[in-house]
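Structural characterization, general
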Amino acid sequence: KIMMPSSTESVNGNDTSKEREHLSVRANCAVQGIVAMLAFLLWQIFYTLPRLEPLILAPMRETGTTALQALFILGTITVSNFVHSLTFFVTLKYFPGGATSAGVLKGLQAVLVF
């Protein structure tokens, strides 16, 4: 016996014959992070590395920046980006209103910065 959903079931989204598959929040974040990392890595390999001397090493020598100082700066930026992302997701999950609260806070940030 072949069962066909009625037209109202498919229009209303009540079709129980197949279950919708959803991507979890963690999987979504992981996929976006991996894609962004790969894009950045490809940029570094094909653009930055061939131009390493004029873009990075020469300006570092001119300003007297050591490799350790540059790594410290990059590490500090990495940690601050992590804290920023963490507070955003905590706001979405635990603040009343979730995304609305995050939007209001982002608007407040824009007003205070500019």
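Refer to the structure presented above.
Here is a short report on the structure shown in this document. (Residues numbered from 1 in each chain as written. Predicted model: local features only at pLDDT ≥ 70, side-chain atom pairs only at ≥ 80, totals over all residues. Heavy atoms only, no water.)

Some words on the overall build of the protein chain
Let me state the cut-off plainly: Secondary structure is summarised from DSSP: a helix means a run of H or I of at least four residues, a strand means a run of E of at least two, and numbering begins at the N terminus for each. Relative accessibility under 20% of the residue-type maximum defines a buried residue, over 50% an exposed one, and the middle range a partly exposed one, all with a 1.4 Å probe and only protein chains included. Areas reported as accessible are Shrake-Rupley estimates using a 1.4 Å probe. Residue values count occlusion only from the protein chains shown.
In terms of helices and strands, the protein chain carries five helices and zero strands. Ordered by position in the sequence, the α and β elements of the protein chain form the string α-α-α-α-α. Out of the 114 residues in the protein chain, the part that is buried amounts to 6%. When the accessible area of the protein chain is evaluated, it comes to approximately 10300 Å², of which 69% is carbon and sulfur surface.

Section: the pattern of salt bridges
Keep this limit in mind: By salt bridge we mean one thing: a side-chain nitrogen of Lys or Arg within 4 Å of a carboxyl oxygen of Asp or Glu.
Using the criterion set out here, one finds one salt bridge in the structure. For Arg61, the salt bridge is made with Glu53, and the minimal N-O distance between the two is 2.1 Å. Since its relative accessible area comes to 56%, Arg61 is described here as exposed.

A word on the side chain of Thr91
Spelled out, the test is: Whether two residues are in contact is decided by their heavy atoms: any pair within 4.5 Å suffices.
Take Thr91: it is sitting in helix 4 (residues 67-94). Those residues in contact with Thr91 that lie beyond four places of it in its chain are Gly98, Ala102 and Leu105.

Brief notes about the environment of Leu92
Following the sequence through the fold, Leu92 ends up in helix 4. Residues Leu92 and Gly103, spaced 11 residues apart in sequence, show a C-alpha to C-alpha distance of 9.7 Å. Those residues in contact with Leu92 that lie beyond four places of it in its chain are Gly98, Ala99 and Ala102.

What to know about the side chain of Ser101
Inspection of the secondary structure puts Ser101 in helix 5 (residues 99-113). Dropping the residues within four chain positions of it, Ser101 is found in contact with Phe95 and Pro96.

Some remarks on the packing of aromatic side chains
Defined as follows: The pairing test for Phe, Tyr and Trp rings, Trp by its six-membered ring, is centres within 6.5 Å, and the orientation test on the planes gives stacked under 30 degrees, edge-to-face over 60, and tilted for anything in between.
Per the counting criterion, the structure on display carries two aromatic pairs. Each ring, one from Phe88 and one from Phe89, has its centre 5.3 Å from the other, and the planes form 70°; the classification is edge-to-face. Residue class for Phe88 comes out partly exposed when judged on its relative accessible area of 39%. On the basis of relative accessible area, Phe89 is assigned to the partly exposed category, the value being 42%.

Regarding the packing of helix 4 against helix 5
Going by this rule: Lines are fitted to the C-alpha atoms to define the axes, a helix being fitted only along its stretch in contact, and any angle between axes, read from their N-to-C directions, falls within 0 to 180 degrees. Throughout this description, any angle smaller than 35 degrees is read as roughly parallel, any larger than 145 degrees as roughly antiparallel, any in the 65 to 115 degree range as roughly perpendicular, and the remainder as oblique. Ten residues, namely Ala, Val, Leu, Ile, Met, Phe, Trp, Tyr, Cys and Pro, are considered nonpolar, four, namely Asp, Glu, Lys and Arg, are considered charged, and the remaining ones, Gly among them, are considered polar.
Two elements in contact, helix 4 and helix 5, have axes whose closest approach is 7 Å; the angle formed by their N-to-C orientations is 135°. By the angle between their directions, the pair helix 4 and helix 5 is classed as oblique. Between helix 4, through His84, Phe88, Thr91 and Leu92, and helix 5, the contact on the second element is made entirely by Ala99, Ala102, Leu105 and Lys106. The class makeup of the residues in the contact of helix 4 with helix 5 is five nonpolar, two polar and one charged.

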